[in-house]
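Per-entry structural report
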Amino acid sequence: MNTILICDDEKDIVNALKIYLEAEGYNTVLAYNGLEAVEKVRENNIELCLMDIMMPLCDGITAMAKIREFSNIPIILLTAKSENTDKILGLNVGADDYVTKPFNPVELMARVRSQLRRYTKLGGSKTEKSDSYIIGNIELNDNSKQVMVDGEIISLTPTEFEILKLLMQNSGTVLSPSEIYRRVWNDEAYGGEGTVAVHIRHIREKIEINPAEPRYLKVVWAHGYKMEKDGAK
Amino acid sequence: MKLREVLGLKITAVVFSYISVLILVISLLSVGVMGYYKFYFSSEKIVTEEILTDMAEKESYYIHNFLDDGREITHYYKDKNIYFSVTDLKTGKVLETNYEGQPYIAEASTVYGEYIEEEYITEEGYNAYRDKLINEYQVDVYVAKNMTKSDLFSVAKKIISVGYTLRYYLVFIALISLAVFIYTVCYLFCAAGHIKFGKIKRNFIDRIPLDILTALLTGIFLAVFAIIIEYSYNFDEIGLAMIMFVPCSALYFAVLGYCLSIATRIKTKTLLKNNISYVFLKIIKKYLKIIFERLWYIFSNLALVYKTIIAVIAVFFVEFLFCFVIGFIVSFIFSEYYLTYAVIFGLILANAVVFLLVLYIAVILQNIKSGGERIAKGDLDYKIDTRFMFSDFKRFAMSLNNINEGLQSAINEKIKSERFKTELITNVSHDIKTPLTSIVNYVDLLKKEEIESEEAKKYIDVLDRQSIRLKKLVEDLMDASKVSTGNVSVELTKCDAGVLLNQALAEFEEKLNKASIKTVVVMPEQSVKILADGRHLWRVFDNLLNNICKYALENTRAYIDLKVIDKKAVILFRNISRYELNVTAEDLMERFVRGDTSRNTEGSGLGLSIAKSLVELQNGNMELFIDGDLFKAEITFDIIIE
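Please read these numbers as outputs of a predicted model, since none were measured by experiment.

1. Quick notes on a positive patch on the surface
Among the surface-exposed residues, B:K269, B:K273, B:K282, B:K285 and B:K289 lie close enough to one another that they form a single positively charged patch. Residue B:K269 is classed as exposed on the basis of its relative accessible area of 67%.

Dropping the structure here:
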């Protein structure tokens, strides 16, 4: 099974995470500060790293930067800082995902699973076909009208599928609800924006681990919606 | 139609006022004449005697004239109720008479002298002329008691008799006509300007500038009366009265019209404005003001040094002028010119010293002033050069420099404390969240353990619920402190309020359904653009919609409106409260105050406070209203007009 490094200065948290991860069948390696984490990643065959930001000796961001010098394993940041600027900083430096403390253990496990699947299975074979769109762990095939998230088939209604396809085709750009309505329903949006918003929430509930903090399908408040351009990296 | 608007009535009033004035003048004149002849104090007989004596005296003057002309007198008085006798006082001989001892009621006796022109030599030896009395005559006139003939005297007697009877009635008539006059004139003043339908309008006379009208009237009447006075010697009293009648009447009408015009002007508030001189004065005032303002502008923009120079020169100029006048008077009185020159020379010397001193002080002040201005503008590194200053000025400049240093350190302090506050919030957040994470995780792990005791399972449930609540509370607390200290970055962009409202409602669709609350949403067809930060505004809507889910009564409707009122976007959330709202709207906005006083529902009591702070950070406005159980939140933003 996969080996996961848990790094936090709070021993109780490390211990709790160890229990959760081992219950899921993963092997764990423990570290209590940044320097130790870098050492452990170098010494062991680690496939995923859970890392706290605020730690003594060497904080999570620095440790992550050091790990990134020799490894491209997925790193999930555990952070008490919930400011948006901190999240963006973490992702830019090289984190693949983040959860804010106090986190929900079930959500964290889902994120770990998602990252591992992407790293071990999809990682190498990212060949984009003409009729399919891949963003992060989401794969949309226009031919078979199928959407796969973390390798599992998700059932979407035809409208939801069309909306997701439109957003994935235009990943990185913000589409307004009226624009989405016009292009999916092929009609002028007279009060149809509300419908679009409801559909998008449904899609988010199906493809995101935590729909309130979406990883891929982002709500740009007061403007529209956007699909992140290929995850964090 | 009101009485004051009837034209016929006005004309009648004018006529009546005129007639009453005429009667008033005539009766007053009569009363005056009668009063002069003591009608009100004596018997009719005495009054008659007195008047007739006056007339007889006048008659004696005519007789004297007849004598001078050498005309026959007896023949002339054949048909009159007059007897006369002329006596030469030198000889005592009666020259001419028709008096034969008849009874008379009045008598007048007058003496006249006869003069010839005589040449004589004055004291200085010049030739001159003077009148010399050569004879004197006595003229006696008697008015007959029984007037058998008709003449001026018989008429006079009759008029006196009638006048005496009517003497009190005339006073009465005068008073009545005065009353009529006052009444009609008052009516006319009230009615002036009123035309129809209660409107006040100016006629063409009221539109003539008042000063021109006044000058015109005065000029014309001065001219007319000058001509009358010029020719008045041609007429006796009665004739003059007849001649004066027409222009006086015209004057009466003109003055009445003039006064009424003034009344209209007062009513229409054009008394001052409708004057040529007023317009001129206004124009002159305007230009004087402009000139004064320009000069003041130039003066106030001069450097302090130049200002001082101008002021000092002005003072010196006045001083010199004064000294010259005094000196002139002194030298004129004492004829000591050198004294004046000495005084003036001394004055110049003293003034020169004062001038240099004042100039030096002005230069110092100029430096302090410009330094102060630079400090006020925020140039904290600036130091005023105090090397050439002395005494109090030096201390003043130095304390200004000290203020600068104090300000610098205060700003540094402020920056430091801001940074400290931000760090404090972040650190506290971390320090609270770390143990909380452990609690949440271990409670979760406990739940998965197989526990026999049912009680223990219940307790774990409580722990689970409360830890989740604690988590929410901590998050809200962090947000509230960040928002209220302004520790959040706000990026205002052009936002579509309608889009955001739709997005927010979509997020809450399920939650609202679960709480059995139906939403009624009204928004305009065209998009409403406001300047806001989408993320923060979402948080505001999030809090308000969460409140609706938590506190709105089940199976009721929540009304959400987006409206544009007076260039403002107004977003309204209205719902019926589940709990009795026995708090004020202001209290609800306070931190930690909740609609349910028992505090047994979820929620931190921070939502509305956070929402209000966030709205205000985006230059918007949020207000709460409570009307019974109706809860209303109103958010207002300026809309962007493209």
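2. As for the pattern of salt bridges
Per the counting criterion, the structure on display carries 35 salt bridges over all chains. Across the pair B:E509 and A:R201 runs a salt bridge whose closest N-O atoms are separated by 2.7 Å. With B:E509 in helix 12 (residues 497-514) and A:R201 in helix 8 (residues 193-207), the pair connects residues from two separate chains. Accessibility expressed as a relative area gives 3% for A:R201, which makes it buried. A salt bridge links B:E455 to B:K458; its shortest N-O distance comes to 3.9 Å. Here B:E455 and its partner B:K458 are both found in helix 11 (residues 454-484), three residues apart, which amounts to about one turn of the helix. By relative accessible area, B:K458 is classed as exposed at 52%.

3. Observations regarding a nonpolar patch on the surface
Residues and elements named next belong to chain B. A surface patch of nonpolar side chains, about 810 Å² in accessible area, is lined by L7, I11, V15, I19, I23, V162, L166, Y169 and I173. The set of elements that each furnish at least two residues to the nonpolar patch consists of helix 1 (7-36) and helix 3 (152-191). Per-element accounting of the nonpolar patch gives the leading share, five residues, to helix 1.

4. Some thoughts on the sheet that holds strand 5 (residues 97-100) of chain A
Paired through backbone hydrogen bonds, the strands of a sheet run either parallel or antiparallel to each other. Residues and elements named next belong to chain A. Here we have five strands laid out as an open sheet, ordered 2-1-3-4-5, and parallel in their pairing. Sheet topology places strand 2 (27-31) and strand 5 at the edges, where each strand pairs with a single neighbour. Going across the sheet, the axis of each strand differs from the next one's by a mean of 20°, ignoring polarity. Looking at chain direction, strand 3 (residues 48-52) and strand 4 (residues 75-79) are connected through four bridges and run parallel. Bridging across to strand 4, M51 finds its partner in L77.

5. Points about the packing of helix 2 (residues 44-69) of chain B against helix 3 of chain B
Residues and elements named next belong to chain B. Running from N to C, helix 2 and helix 3 cross one another at 150°; their axes reach a closest spacing of 10 Å. In terms of their interaxial angle, helix 2 and helix 3 are classed as roughly antiparallel. Where helix 2 crosses over helix 3, the handedness of that crossing is right-handed. Residues E44, V47, T48, I51, L52, M55, A56 and E59 of helix 2 form the contact with helix 3, whose own contacting residues are L152, F153, A156, K157, I160, S161 and Y164. Residues belonging to the contact of helix 2 with helix 3 are distributed by class as follows: 10 nonpolar, two polar and three charged.

Rules and cut-offs
Residues numbered from 1 in each chain as written. Chains lettered and ligands numbered in written order. Predicted model: local features only at pLDDT ≥ 70, side-chain atom pairs only at ≥ 80, totals over all residues. Heavy atoms only, no water. Patch = residues over 30% accessible without salt bridge, like charges linked within 9 Å, V, L, I, M, F, W, Y side chains within 5 Å. Areas by Shrake-Rupley, 256 points an atom, 1.4 Å probe, with all protein chains shown as cover. Salt bridge = Lys/Arg side-chain N within 4 Å of Asp/Glu carboxyl O. Lys, Arg positive; Asp, Glu negative; His and termini not counted. Charge placed at Lys NZ, Arg CZ, Asp CG, Glu CD. Buried < 20%, exposed > 50% of the residue type's maximum accessible area, 1.4 Å probe, protein only. Helix = DSSP H or I, 4+ residues; strand = E, 2+ residues; numbered from the N terminus. Pairing = 2+ DSSP bridges. Axes fitted to C-alpha atoms, helices over the stretch in contact; angles between N-to-C directions. Parallel < 35°, antiparallel > 145°, perpendicular 65-115°, else oblique. Left-handed = near helix turned anticlockwise from the far one by under 90°. Contact = heavy atoms within 4.5 Å. Nonpolar A, V, L, I, M, F, W, Y, C, P; charged D, E, K, R; others polar.

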